[in-house]
Amino acid sequence: MPGRAATAYTRAVDDVRQGTPAVQDLRALRRWWWVPVAAIVIAVVVALALVAVSSSSAEARFRENVVIDALPPLFGPPIAPGPFDYARVATSDAVIADVAQRAGTTPELMKPRLTAEARINTPEIDFKVTGANALAVGRAWRDSFERAAVEQTPSLEATLAQPYERQLAAAAAALQQRSDVALAAPNGAIEQQQLKAAQENYETASRLSQSYTITAGTMKAQPFAVVGPYVVSAGVRSTRGRLAAALAIGLVAGVIAALLLEWTSRRRTGATTSSDNVMRGARFHPASPPVSPDDAEVLSAADNSGFQPAYDGTLPAAVSADAPAPIERPSKRAGRGSR
């Protein structure tokens, strides 16, 4: 019992000295400060290595949109290039040749790596680059596409207006034919009516053609990136995001590791202190000698009644058999007699 009391007292004193759990955690972090620092350094190094590997060989993507600014046509419905038209511009031979030149390769090797996909009911275009150094190629492709989109927008509008140009040519041919027939029969009423209808068709087709020509001349394109080039294989889309994630993960892992080390250290210290207290209690309070069954019954009855029997100076039989015989000291009378 004295050994247990000493152990409990020691633990209570240690608890008072250590303070609250929050204070203990702060002391643990101050003691094991190098553990979070090492964890953060390792996490940042791993993140930078992943950035280098993923940037050199991965899949890069980005998304573009093109806004058209032009005067509406005076005659006819409005016509403007759409995402499918600009997707064809992105994969045209001129754009691919420019990207291949900037990447230091040939158009034949570059073309299979580039994919531009337009979707229905959305003005955006999805770009995808595969192969080595995909992120750098994606950035070069974005620059080439935006420059080509600005330059080729008027020609795209003219291409979309080609049906009206063909309609004008057909109306001009029909007018020439009806004019020849009317000249051959100047008094024919039917021939004159057909000539008049041909003239009206030609005027309408001419107005439509001129209207779309003016619209194409004033049309301007403003391409912009909805989502900039990024590497798909990485969980985070930018180097800054990866470093931030690495710092957070390293800090959390380091704090947890420091607290675990502190907990392990306390466990070891507590076990050592308990064993020392037990040894001290055993040293200053030796174990009591064994008790015989008869004496055990007497002690049990005394405990139940609250009465403590008086000690008569004798030891139990089981103890006196094993214990050494007491040393008898000479009395003063015997000493005086011997003198």
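These remarks concern the structure in this document. (Residues numbered from 1 in each chain as written. Predicted model: local features only at pLDDT ≥ 70, side-chain atom pairs only at ≥ 80, totals over all residues. Heavy atoms only, no water.)

## Quick notes on the pattern of salt bridges
Counting across every chain of the model gives nine salt bridges. Note that D85 and R88 form a salt bridge whose closest N and O atoms lie 2.3 Å from each other. Of the two residues, D85 and R88 both sit in helix α4 (residues 83-90), three residues apart, roughly one turn of that helix. The exposure class assigned to R88 is exposed, which follows from its relative accessible area of 53%. Note that R102 is salt-bridged to D143, the shortest N-O span being 3.5 Å. Placement of R102 in helix α5 (residues 93-103) and of D143 in helix α7 (residues 134-160) is noted, with a sequence separation of 41 residues between them. Among the charged side chains, a salt-bridge network with shared partners connects R63, R119, E124 and D126. (Salt bridge = Lys/Arg side-chain N within 4 Å of Asp/Glu carboxyl O. Helix = DSSP H or I, 4+ residues; strand = E, 2+ residues; numbered from the N terminus. Buried < 20%, exposed > 50% of the residue type's maximum accessible area, 1.4 Å probe, protein only.)

## Details of the environment of I249
By the element assignment, I249 lies in helix α10 (residues 239-284). Spatially, the C-alpha atoms of I249 and A43 are 7.2 Å apart, while their sequence positions differ by 206 residues.

## Brief notes about the nonpolar core
Burial of nonpolar side chains together is a common tendency in soluble globular proteins. Among the nonpolar cores identified, the biggest contains 26 residues, and Y86, L114, F127, W141 and F145 are the most heavily contacted of them. Setting aside its immediate chain neighbours within four residues, F145 contacts E64, V66, Y86, A90, V95, I125 and F127. If you look at the next biggest cluster of nonpolar residues, it comprises five residues, including I79, A161, Y164 and Y212. (Core = buried A, V, L, I, M, F, W, Y, C linked by side-chain atoms within 4.5 Å. Contact = heavy atoms within 4.5 Å.)

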